Amino acid sequence: MNYRELGNSGIKISEVSFGTWAIGGAWGKTSDEEALKSLEYAMEQGVNFFDTADVYGDGHSEELLAKATKGKEDQIYIATKFCRQGDIFDPVNYSYEKVSSYCEDSLRRLKREAIDLYQIHCPATEVLKDGKVFEVLDRLQREGKIRHYGVSVETVEEGLICLNNPNVKSLQIIFNIFRQKPLEELIPEANKKGVGLLVRLPLASGLLTGKFTQGHVFEEDDHRRFNENGEAFNVGETFAGLGFQKGVELADQLKWIAEGRPSMASAALRWILDCKEITCIIPGFKNIKQVEQNLTALDTKRFSEEEMRKIQSFYEEKVKESIRGPY
């Protein structure tokens, strides 16, 4: 395992880490037993960072992490998120009383004395512009309930707003071969300010595994079925905002990236890791096999300059115009 520093926070985390949305819920059938085995396996391979949220399975993924990391609290870093239990547009949802309550609930489920990284979970843009929520987080930090804080954002604009706050230690962004806009301004600016970058949805909801074909039907409780067009939350969180049919069509054109590499998925993850400013990727998983597959990115052949140019041109010419939603 390789480790990268989370901005200027002073902590080093595994460059391949994992998100726990899938094991919490909204990604089809899950098994707690399999999830716990997978978490244990990931830690055995050197993974020391996991991302979760209070709304993943209504706190269930936090509870699973508590079980998996019991006795390893000083070795394994956990990031969780808040605000989407309430109205993300209501200022009261970001008051000290409300955020402190969210924080206490997460601490109870995680069975920890402090949260390593507490993130605002894709809030309304106006909340970030107002900035009062950062004062609330500063207070929780002084109280010792959180060690560091960051923001999970939907757009480049939101990320740049957050970078104006000197105490923001990380940004969580959607960044993959289908979503390259952060490369233009956000990633360089975050690097300049010493802010870590966590990449969610590195495989574009599974499109970049290359395993899907047109006509595939997802389970009813899978967000890839009920949020394809942004019915439940931001459309960019599902298939990178492309929609399933368009996404499969584009993924088929990109299968060449797997040549000389273990799989299309490992290649897509390697492309992100080749960006030195990125702290880590946080792909999801449901079982040990998926953890193993994601970890192959560590040993996957890097992309040549010519391949990188080809991928950039593909994005500019074939992908960019088809992305829907705030970006």
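For the structure itself, consult the block above.
First, a word on what this report is: a plain description of the structure on this page. (Residues numbered from 1 in each chain as written. Predicted model: local features only at pLDDT ≥ 70, side-chain atom pairs only at ≥ 80, totals over all residues. Heavy atoms only, no water.)

**Considering the sheet that holds strand β8 (residues 168-174)**
Backbone hydrogen bonds are what pair the strands of a sheet, in a parallel or an antiparallel way. To keep things clear, this is the line we draw: DSSP-based pairing: two strands are paired if at least 2 bridges between them are found. Helical segments are the DSSP runs of H or I of at least four residues, strand segments are the runs of E of at least two, and each set is numbered from the N terminus. Contacts between residues were defined by any pair of non-hydrogen atoms, one from each residue, lying within 4.5 Å. Where helices are involved, their axes are fitted lines through C-alpha atoms of the stretch in contact, as for all axes, and angles between N-to-C directions lie from 0 to 180°.
With parallel pairing, the 8 strands of this open sheet are ordered in space as β3-β4-β5-β6-β7-β8-β9-β10. Whereas interior strands pair on both sides, the edge strands pair on one side only; in this sheet they are β3 (18-19) and β10 (280-281). Sheet analysis places β3 next to strand β4 (residues 49-51), joined by 2 bridges and oriented parallel. For Gly 19, the partnering residue across the bridge sits in β4 and is Asp 51. Packed on one face of the sheet, helix α6 (residues 132-142) meets β5 (77-82), β6 (115-121), β7 (146-152) and β8 and runs near 155 degrees to β7.

**Brief notes about the side chain of His 121**
The topology assignment puts His 121 in strand β6. His 121 has contacts with Ala 53, Val 55, Tyr 56, Lys 81, Phe 82, Cys 83, Arg 84 and Ser 152, leaving out every residue within four places of it along the chain.

**Focus on the pairing of β8**
Going by this rule: Using a 1.4 Å probe on the protein chains alone, a residue whose accessible area is under 20% of its type maximum counts as buried, one over 50% counts as exposed, and one in between counts as partly exposed. Whether a crossover is right-handed depends on one test, that the path from the first strand over the helix to the second runs clockwise when the strands point away from the viewer.
Among the 7 residues of β8, 7 are classified as buried, and the element is accordingly described as predominantly covered. Pairing analysis gives 5 bridges linking β8 to strand β9 (residues 196-200), with the strands arranged parallel. Looking at the pairing, Ile 173 lines up with Val 199 of β9. As a crossover connection, the stretch from β8 through helix α8 (residues 186-192) into β9 is right-handed.

**Quick word on the pattern of salt bridges**
Here is the rule: Definition used for salt bridges: Asp or Glu carboxyl oxygen within 4 Å of a side-chain nitrogen of Lys or Arg.
Enumeration according to the criterion identifies 26 salt bridges in this entry. Close ionic contact of Asp 130 with Lys 132 constitutes a salt bridge, the shortest N to O distance being 3.1 Å. Using a relative accessible area of 52% as the deciding quantity, one classes Lys 132 as exposed. We note a salt bridge from Arg 200 to Glu 237, for which the minimum N-O separation is 2.6 Å. Taken as a pair, Arg 200 in strand β9 and Glu 237 in the loop between α9 (223-226) and α10 (244-253) lie far apart in primary sequence, 37 residues in all.

**Considering the environment of Val 151**
Note on placement: Val 151 falls in strand β7. A residue is classified by how much of its surface remains accessible, and Val 151, at 0% relative accessible area, is buried. As for Val 151 and Arg 225, which are separated by 74 residues in sequence, their C-alpha atoms are 27 Å apart. With near-sequence residues (within four places) excluded, Val 151 lies in contact with Gln 119, Ile 120, Pro 123, Leu 128, Phe 134, Cys 162, Ser 170, Leu 171 and Gln 172.

**Points about the environment of Asp 222**
Quick reminder of the rule: Two N or O atoms form a polar contact when they lie within 3.5 Å of each other; inside protein one atom must be a possible hydrogen donor and the other a possible acceptor, and for residues adjacent in sequence the pair counts only when both atoms belong to side chains.
Its location among the elements puts Asp 222 in the loop between β9 and α9. Each C-alpha atom, one on Asp 222 and one on Gly 7, is 33 Å from the other, the two residues being 215 residues apart in sequence. Within the structure, the side chain of Asp 222 is placed 2.9 Å from the backbone nitrogen of Arg 224, a separation counted as a polar contact.

**Some points on the packing of helix α4 (residues 96-110) against α6**
Heads up, the condition is: For classification purposes, angles smaller than 35 degrees are called roughly parallel, those larger than 145 roughly antiparallel, those between 65 and 115 roughly perpendicular, and all remaining angles oblique. Throughout, a crossing is termed right-handed when the near helix is turned clockwise from the far one, and left-handed when it is turned anticlockwise from it by less than a right angle. In this count, Pro and Cys sit with the nonpolar residues alongside Ala, Val, Leu, Ile, Met, Phe, Trp and Tyr, while Asp, Glu, Lys and Arg are called charged and the others, Gly among them, polar.
Two elements in contact, α4 and α6, have axes whose closest approach is 10 Å; the angle formed by their N-to-C orientations is 50 degrees. Relative to α6, the element α4 lies oblique. When you trace α4 past α6, the crossing you get is right-handed. Across the interface between the two elements, Tyr 96, Val 99, Ser 100 and Cys 103 of α4 pack against Val 136, Leu 137, Arg 139 and Leu 140 of α6. When its residues are assigned to classes, the contact of α4 with α6 shows 6 nonpolar, 1 polar and 1 charged.

**Things to note about unusual backbone geometry**
Backbone geometry at Leu 201 places phi at a positive 50 degrees, although glycine is not the residue there. Within the secondary structure layout, Leu 201 lies in the loop between β9 and α9. Note on Leu 201: relative accessible area 11%, which makes it buried. Phi is positive for Ser 205, close to 60 degrees, though the residue is something other than glycine.

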